[in-house]
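What follows is each chain in one-letter form.
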Amino acid sequence: MYPKVAYFCMEYGMDTAFKMYAGGLGILAGDYLKGARDLSLPMVGIGIKWKQGYTDQLVGKDGKPYDAYHNYQYDCLEDTGVCVTVKIRQRDVRCKVWKVEAFGNVPLYLLDTDLPENEDAWITGQLYGWFGEERIAQEMVLGIGGVRVLRALGIDVDVYHFNEGHAVLAALELIREKMDSGLNFENAVETTKQEVVFTTHTPVLQGNESHYLDRLAYMGAYNGLSHEQMIHIGGAPFNMTVAALRLSKKANAVAQLHAETANCMWQHVDYNKPIIGITNAIHVPTWVDPEILSAVDREGDLWQVHMQNKRSLLDFIKRRNGVELDPDVLLIGFSRRAAPYKRSNFIFSDENIIAPLLEGRKLQIVFSGKAHPLDDTGKSIVENLVGMSRRYPNAVVFLENYDMEIGRMLTRGSDIWLNNPRRPLEASGTSGMKAAMNGVLNFSVLDGWWPEACRHGVNGWQIGGGFESCDVCEQDCHDLKSLYQVLLEEILPTYYERRDRWVDMMKNSIHSTRKQFAMERMLSEYYELLYKA
Ligand SMILES: *Cc1c(COP(=O)(O)O)cnc(C)c1O
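*Asks:* Residues and numbers for the sheet that holds strand β16 (residues 396-399), please.
*Replies:* Taken in spatial order, the 6 strands of this open sheet run β16-β15-β14-β17-β18-β19, and their pairing is parallel. Where the open sheet ends on each side, the last strands, each with one partner, are β16 and β19 (460-463). The mean angle between the axes of side-by-side strands here comes to 20 degrees, regardless of whether they run parallel or antiparallel. Pairing between strand β18 (residues 441-445) and β19: 4 bridges, direction parallel. Looking at β19, one finds that Val445 is bridged to Ile463. The strands touched by helix α17 (residues 499-513) within the sheet are β14 (330-335), β17 (416-419), β18 and β19, with β18 carrying the most contacts at an inclination of about 75 degrees.

Right under this line is the structure:
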């Protein structure tokens, strides 16, 4: 018997016109529910109906990114007729509950505060739009409201799965319910722990949210608990990840290396279980070209299928940016959130090396990726990439407003998928899996999922040999040297002189990843290692 799982997440990437996701976390959550649907597993998703979703980030004439929002038209939502109430800042906030049809037998329920009777209608306005009070309000709607939705709909749940710390206030609601029925705090915490599991996502410390206790108190997020009890759970300030570790029976990180990093990172916190590693995966039908899989299976002409995908990408780029790239020139794809540790413009570091390749029609690069709307550093990274596309107009492209469509085009039609974060700050990185299964060869630092799959020169290439240094300059220097060396001595010669070898590597890339990083494997590990009693 499979336990009934309620999966909580702030964002979900689906396929429709509305974007309820900002990045990898949401893409993963969407893929996860799709995988559970395909396998008819007893699961429900809990999320938020974002009025405007995440930013549409466009590039202005001045070459700088700017943010635009618009109200989404939701076509695939069904009104459940259910409303729940959460008290936020002493005011009752009504949350309407919608059901998303797209996930079939795995219903996704979305809470929505955009109602005329709510003074606080904008709580569910913009995904990650604000910090401080508004973020807490969103997390109260997701967590506390989410549990109330399950009660109102009469859904019995065996396991509450918090995908990232955003949802941890749900545990406070579970504790409150038990205390209302007569348990003391300690027993309520212990019983709650038995039904909660938690997935941590980011090894970047600042990415693990914490809130001042006085602010949580003012917001009403204590949910009936005392100040001491709140400190006992999440510390002061109240750290959402720490709270989730302490209130779950099991916790996991999203790749094996990430599990090591996470265990180090949280070793000062008293919770009594190791964080286990369950590596992320992708929903293959969403991301992988069926033709390339069938070409591999029937030992057909892989190169020809790949060239079709590459041409579709080049057409797409032409339509979007008016730039005509050359199908016979090596094409590197790179798309990441614009954050300094991802080093998006790393490959441009030595102009003496890169300029001749770009100008000599040996190399083309297509970039995409958004900065968080409130992150000026991230925006300057985007501006820099746009600047490069203007300096090398026939060889470098920046596609604005990264989304699932761009993600799908890039991970099918590039020749190489480049990823060069500062190790070990990339938790998993599912875009590389999409690329690998499409026969797009990974060229990546040994971070996130890649150490588990990489066979250098066989199914892709690694950068940097796993080297780590606390000295950022030393680290960058080492990685850059390795990046250029592999690019010049291995990748370019293989591409231009050993096409047969390249196609073999494409085959190896697909064969070595399509099972191991498919959602079925990930789901079975979550059930086996996390959910089972
Ligand atoms: C796959 C995907 C991601 C996640 O990719 P990472 O490898 O974690 O960067 C993020 N955004 C979009 C639109 C995607 O398609």
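*Asks:* Explain the domain arrangement of the protein to me, and be specific about the residues and the numbers.
*Replies:* When its domains are assigned, the protein resolves into domain 1 (5-281 + 521-531) and domain 2 (284-517). Here domain 1 meets domain 2 over a buried area of about 3,000 Å², counting both sides, of which 56% is carbon and sulfur. Where domain 1 packs against domain 2, one counts 2 salt bridges. One salt bridge connects Asp67 with Lys379, and the closest N-O pair in it is separated by 2.4 Å. At the level of elements, α1 (24-38), β3 (56-59), β4 (65-68) and α8 (256-265) are the ones that each hand at least two residues to the side of domain 1 that touches domain 2. For the side of domain 1 that touches domain 2, a count of residues per class yields 17 nonpolar, 12 polar and 10 charged.

*Asks:* Can you explain helix α10 (residues 290-297)? Please cite residues and give values.
*Replies:* Those residues of α10 that fall on the buried side of the exposure criterion are Ile292, Leu293, Ala295 and Val296. The arc enclosing the buried residues of α10, seen along the axis, measures out at 160 degrees, which places them on a common side. Residues of α10 that are exposed and angled more than 90 degrees away from the buried face: Pro290 and Asp297. Those residues of α10 that are buried lie in contact with α9 (284-287), α11 (302-321), α15 (431-437) and α17. For α10, the N-terminal cap is Asp289; the gap from its side-chain oxygen to the backbone nitrogen of Glu291 is 3.0 Å. Looking one or two places after α10, you find Glu299, whose phi comes out positive at around 50 degrees.

*Asks:* Could you give me a rundown of the sheet that holds strand β1 (residues 5-8), with the residues and numbers involved?
*Replies:* A sheet is described by the order of its strands in space; here 9 strands give the open sequence β5-β6-β7-β2-β1-β8-β9-β12-β13, paired in mixed fashion. Each of the sheet's edge strands pairs with one partner strand only, and the pair in question is β5 (77-88) and β13 (276-277). Bridge analysis of strand β9 (residues 196-199) against strand β12 (residues 250-253) gives 3 bridges, and the strand direction is parallel. Looking across to β12, one finds that Val197 is bridged to Lys250. Sheet strands in contact with helix α2 (residues 132-152) are β1, β2 (43-48), β5, β6 (91-100), β7 (108-112) and β8 (159-163), and its direction is about 120 degrees off that of β5.

*Asks:* I'd like to hear about the packing of α11 against α17, residue by residue, with values.
*Replies:* The N-to-C vectors of α11 and α17 enclose an angle of 80 degrees; their axes lie 10 Å apart at closest approach. Regarding the angle of α11 to α17, the classification is roughly perpendicular. Contacts from Leu302, Trp303 and His306 of α11 reach α17 at Arg499, Trp502, Val503, Met506, Lys507 and Ile510. Taken together, the residues of the contact of α11 with α17 break down into 6 nonpolar, 1 polar and 2 charged.

*Asks:* Quick one: what's the story with the site of the ligand, residue by residue and with numbers?
*Replies:* Taken together, Gly23, Gly24, Ile27, Trp287, Arg336, Tyr402, Asp403, Met404, Gly429, Thr430, Ser431 and Lys434 make up the full set of residues adjacent to the ligand. Contact between the ligand and Thr430: an oxygen atom at 3.2 Å from a main-chain N or O atom of the residue. Note that an oxygen atom of the ligand is positioned 2.6 Å from one of the side-chain N or O atoms of Lys434. Across the complex, the protein chains shield 92% of the 380 Å² of accessible surface that the ligand would expose by itself. Residue assignment for the shell around the ligand shows that the elements contributing at least two residues are α1 and α15. Of the residues belonging to the shell around the ligand, the class tally is 4 nonpolar, 5 polar and 3 charged. Both domain 1 (5-281 + 521-531) and domain 2 (284-517) contribute no fewer than three residues apiece to the shell around the ligand.

*Asks:* Provide a residue-level description of the pairing of β18, including the pertinent values.
*Replies:* A large share of β18 lies buried, amounting to 5 of its 5 residues. Note that the unit made of β17, α15 and β18 has a crossover that is right-handed.

*Asks:* Give a detailed account of the nonpolar core, specifying residues and quantitative values.
*Replies:* Judged by nonpolar contacts, the single largest core of 106 residues is most densely connected at Phe8, Met43 and Phe162. With 9 residues, α2 is the largest single contributor of residues to this core. When residues no more than four places from it in sequence are discounted, the contact partners of Met43 are Val5, Tyr7, Tyr32, Leu33, Ala36, Asn105, Val106, Pro107, Leu523 and Tyr527. Counting residues in each nonpolar core, the second largest holds 69 residues, with Ile347, Met388, Leu418 and Phe517 among its members.

*Asks:* How would you summarise the packing of aromatic side chains if you had to cite specific residues and measurements?
*Replies:* Applying the stated criterion across every chain yields a total of 18 aromatic pairs. Members of the aromatic cluster, each reached through a chain of ring pairs, are Tyr2, Tyr7, Tyr12, Tyr32, Tyr526, Tyr527 and Tyr531. Over the ring of Trp98 we find Lys96, and its NZ or CZ is 5.0 Å from the ring centre. Sitting above the plane of the Trp287 ring, Arg408 keeps its charged end 5.8 Å from the centroid.

*Asks:* Go over the pattern of salt bridges, please, and point to the residues and values.
*Replies:* For the structure on display, the rule yields 38 salt bridges. The salt bridge involving Asp120 is made with Arg89; its shortest N-O contact spans 3.6 Å. With Asp120 in the loop between β7 and α2 and Arg89 in the loop between β5 and β6, this residue pair connects regions lying 31 residues apart in the sequence. Judged by relative accessible area, Asp120 falls into the buried class, the value being 10%.

What counts and what doesn't
Residues numbered from 1 in each chain as written. Predicted model: local features only at pLDDT ≥ 70, side-chain atom pairs only at ≥ 80, totals over all residues. Heavy atoms only, no water. Pairing = 2+ DSSP bridges. Helix = DSSP H or I, 4+ residues; strand = E, 2+ residues; numbered from the N terminus. Axes fitted to C-alpha atoms, helices over the stretch in contact; angles between N-to-C directions. Contact = heavy atoms within 4.5 Å. Domains from an automatic or database assignment. Buried area = accessible area lost by both parts, 1.4 Å probe. Salt bridge = Lys/Arg side-chain N within 4 Å of Asp/Glu carboxyl O. Nonpolar A, V, L, I, M, F, W, Y, C, P; charged D, E, K, R; others polar. Buried < 20%, exposed > 50% of the residue type's maximum accessible area, 1.4 Å probe, protein only. Arc of directions from axis to C-beta. Polar contact = N/O pair within 3.5 Å; in protein donor to acceptor, adjacent residues only side chain to side chain. Parallel < 35°, antiparallel > 145°, perpendicular 65-115°, else oblique. Near = heavy atom within 4 Å. Areas by Shrake-Rupley, 256 points an atom, 1.4 Å probe, with all protein chains shown as cover. Right-handed = clockwise from strand over helix to strand, strands pointing away. Core = buried A, V, L, I, M, F, W, Y, C linked by side-chain atoms within 4.5 Å. Phe/Tyr/Trp six-rings, centres within 6.5 Å; stacked < 30°, edge-to-face > 60°. Lys NZ or Arg CZ within 6 Å of the ring centre and 35° of its normal.

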